[in-house]
2 protein chains.
Amino acid sequence: MAESTTPSEQQSGTDQRLVKGARARASIARHAADVASVEGLTGVSIGRLAADLGLSKSGIATLFGTKEALQVAAVKSAREAFIERVIAPTMSHPRGHDRLRVLIDLWFDHITDPTFPGGCFRVATISEFDSKPGPVRDAIIDDRRDWMAFLAKEIRRAQEQGHLGERDADVIAFELEAVVSAANTAQQMGDDWGVATARAIVDNLMGEAAD
Amino acid sequence: MAESTTPSEQQSGTDQRLVKGARARASIARHAADVASVEGLTGVSIGRLAADLGLSKSGIATLFGTKEALQVAAVKSAREAFIERVIAPTMSHPRGHDRLRVLIDLWFDHITDPTFPGGCFRVATISEFDSKPGPVRDAIIDDRRDWMAFLAKEIRRAQEQGHLGERDADVIAFELEAVVSAANTAQQMGDDWGVATARAIVDNLMGEAAD
């Protein structure tokens with residue numbers, strides 16, 4: 001009788017296995033995002049991650065199923081890391097111009113002190129997958145669309161407070177995204193002038209329109 | 001005596017082999033650029049190109065040596081295709097604002113009616129190789145630097161004619177490059193709004209500064 005377990009102990013064991021599985025999954029997906037930022041998502045395979053993390057291929061295959069599912073998990077993990085680093089800390093600042101300013105500074109920090117070893121995950125994977133339809137591209141596009149919508153919403157609020165002029169908020173968001181992506185490329189190429197130039201263009205976009 | 005060849009016939013044979021070799025090299029490098037625009041330069045291997053083109057691996061290896069040399073050749077081939085499509089036709093237009101306007105229209109055409117199946121080669125490969133030092137990255141960076149210098153020179157000439165205001169020409173070139181790259185990403189994702197928005201931003205940059 002000493003070795004038997006009650007139903008609630010059994011449940012607790014199941015819960016613990018689920019938690020352990022979810023943690024392992026999150027940690028593998030995060031490493032996959034790190035690899036993808038340097039090598040591209042194409043470089044993310046079950047074999048590669050098994051070798052990097054000292055896990056068995058079959059263990060990773062059990063958690064994710066296919067290489068494609070692992071790539072989608074990497075996109076979602078990168079999205080969460082971006083939200084954590086760039087978006088979440090802005091929530092304590094007042095909506096509108098103040099929050100937008102903090103958001104843009106954190107966005108630049110995420111590029112100049114990169115969250116991922118290969119720089120912006122979004123830039124690295126969009127150009128890799130933009131010509132390859134499928135669930136990975138869908139996940140990348142969904143993430144980009146959500147981010148652009150969030151950015152435009154914050155710009156619109158700042159405009160309601162009398163900042164950033166009367167240009168369409170979606171157009172300003174598109175232009176900001178283009179220039180910050182170019183800053184990421186410059187950073188990765190060791191082009192300090194490019195990073196400083198991008199920052200000046202963004203400040204100009206933020207300030208110029210406030211006149 | 002009928003089967004023997006004179007020294008000049010031998011020379012002619014050598015020349016023909018050289019010409020044939022150079023043509024084969026150019027055609028293989030161009031296919032490598034097409035593949036890289038979709039799959040990334042990592043997808044460009046001697047085996048892959050041999051299979052695509054129905055050639056022997058040893059034949060391609062003889063012409064290029066290593067996978068890395070083949071990747072560098074792809075970068076150079078893409079550079080030549082860009083010059084041919086976007087830069088060369090502008091030479092018949094007067095320097096300055098007129099030439100710059102044609103240059104920018106051709107640059108957009110090269111993106112909306114893509115020269116390469118996967119869209120802009122430069123965008124596709126910069127984010128792939130920006131974190132990987134070596135001869136491929138050097139070739140990509142050299143190409144980008146030359147293009148940005150050419151663009152800034154044309155902007156400076158237009159400014160000497162009283163167009164595009166007094167902002168630093170290198171800064172305007174950086175901003176144009178950022179927005180046109182974003183147009184390429186939008187085009188590859190089937191985002192017509194993004195392409196039209198990029199075009200409007202560029203027209204604004206070109207015109208606004210002419211006031």
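Please read these numbers as outputs of a predicted model, since none were measured by experiment.

**Let's talk about the overall build of chain A**
Then comes step 1: Each helix and strand counted, chain A has 9 helices and 0 strands in total.
Then comes step 2: Starting at the N terminus and walking to the C terminus, you meet the elements of chain A as α-α-α-α-α-α-α-α-α.
Then comes step 3: Projected onto its principal axes, the C-alpha coordinates of chain A cover approximately 80 × 35 × 30 Å.
Then comes step 4: By the burial criterion, 40% of the 211 residues in chain A qualify as buried.
Then comes step 5: Of the contacts made within chain A by residues no fewer than 6 positions apart, 62% connect residues no fewer than 24 positions apart.

**A word on the nonpolar core**
Then comes step 1: Of all hydrophobic cores here, the largest spans 108 residues; its most connected members are Ala32(A), Ala74(A), Ala32(B) and Ala74(B).
Then comes step 2: Leave out the neighbours within four places in its chain, and Ala32(B) touches Val44(B), Leu49(B), Leu70(B), Ala73(B), Ala74(B) and Ser77(B).

**Regarding the interface of chain B and chain A**
Then comes step 1: Taken together, the 27 residues of chain B in the interface contact 27 residues of chain A.
Then comes step 2: Broken down by secondary-structure element, the contributors of at least two residues to the side of chain B that touches chain A are helix H6 (121-129), helix H8 (169-188) and helix H9 (192-208) of chain B.
Then comes step 3: With 10 residues, H8(B) is the single largest residue contributor to the side of chain B that touches chain A.
Then comes step 4: Among the residues forming the side of chain B that touches chain A, the class breakdown is 12 nonpolar, 11 polar and 4 charged.

**Considering helix H4 (residues 67-87) of chain A**
Residues and elements named next belong to chain A.
Then comes step 1: Helix length check: H4, at 21 residues, gives a terminal C-alpha distance of 29 Å against a target of 30 Å (1.5 Å per residue), a fit within 8%.
Then comes step 2: For H4, the complete set of buried residues consists of Leu70, Gln71, Val72, Ala73, Ala74, Val75, Ser77, Ala78, Arg79, Phe82 and Val86.
Then comes step 3: Buried-residue contacts for H4 involve helix H1 (7-39), helix H2 (46-53), helix H3 (57-64), helix H5 (97-112), helix H6 (121-129) and helix H7 (135-160).

**Focus: the environment of Ser77(A)**
Residues and elements named next belong to chain A.
Then comes step 1: Mapped onto the secondary structure, serine 77 falls in helix H4.
Then comes step 2: Look at serine 77 and you get buried, because 22 C-beta atoms sit within 10 Å.
Then comes step 3: Distance from serine 77 to leucine 106, taken between C-alpha atoms, is 18 Å for residues 29 residues apart in sequence.
Then comes step 4: Those residues in contact with serine 77, other than ones at most four positions away along the chain, are Ala26, Ala29, Arg30, Ala32 and Ala33.

Thresholds applied
- Residues numbered from 1 in each chain as written.
- Chains lettered and ligands numbered in written order.
- Predicted model: local features only at pLDDT ≥ 70, side-chain atom pairs only at ≥ 80, totals over all residues.
- Helix = DSSP H or I, 4+ residues; strand = E, 2+ residues; numbered from the N terminus.
- Buried ≥ 20, exposed ≤ 12 C-beta atoms within 10 Å, placed from the backbone.
- Contact = placed C-beta atoms within 7 Å.
- Core = buried A, V, L, I, M, F, W, Y, C linked by C-beta atoms within 7 Å.
- Nonpolar A, V, L, I, M, F, W, Y, C, P; charged D, E, K, R; others polar.
- Expected span 1.5 Å × (residues − 1).

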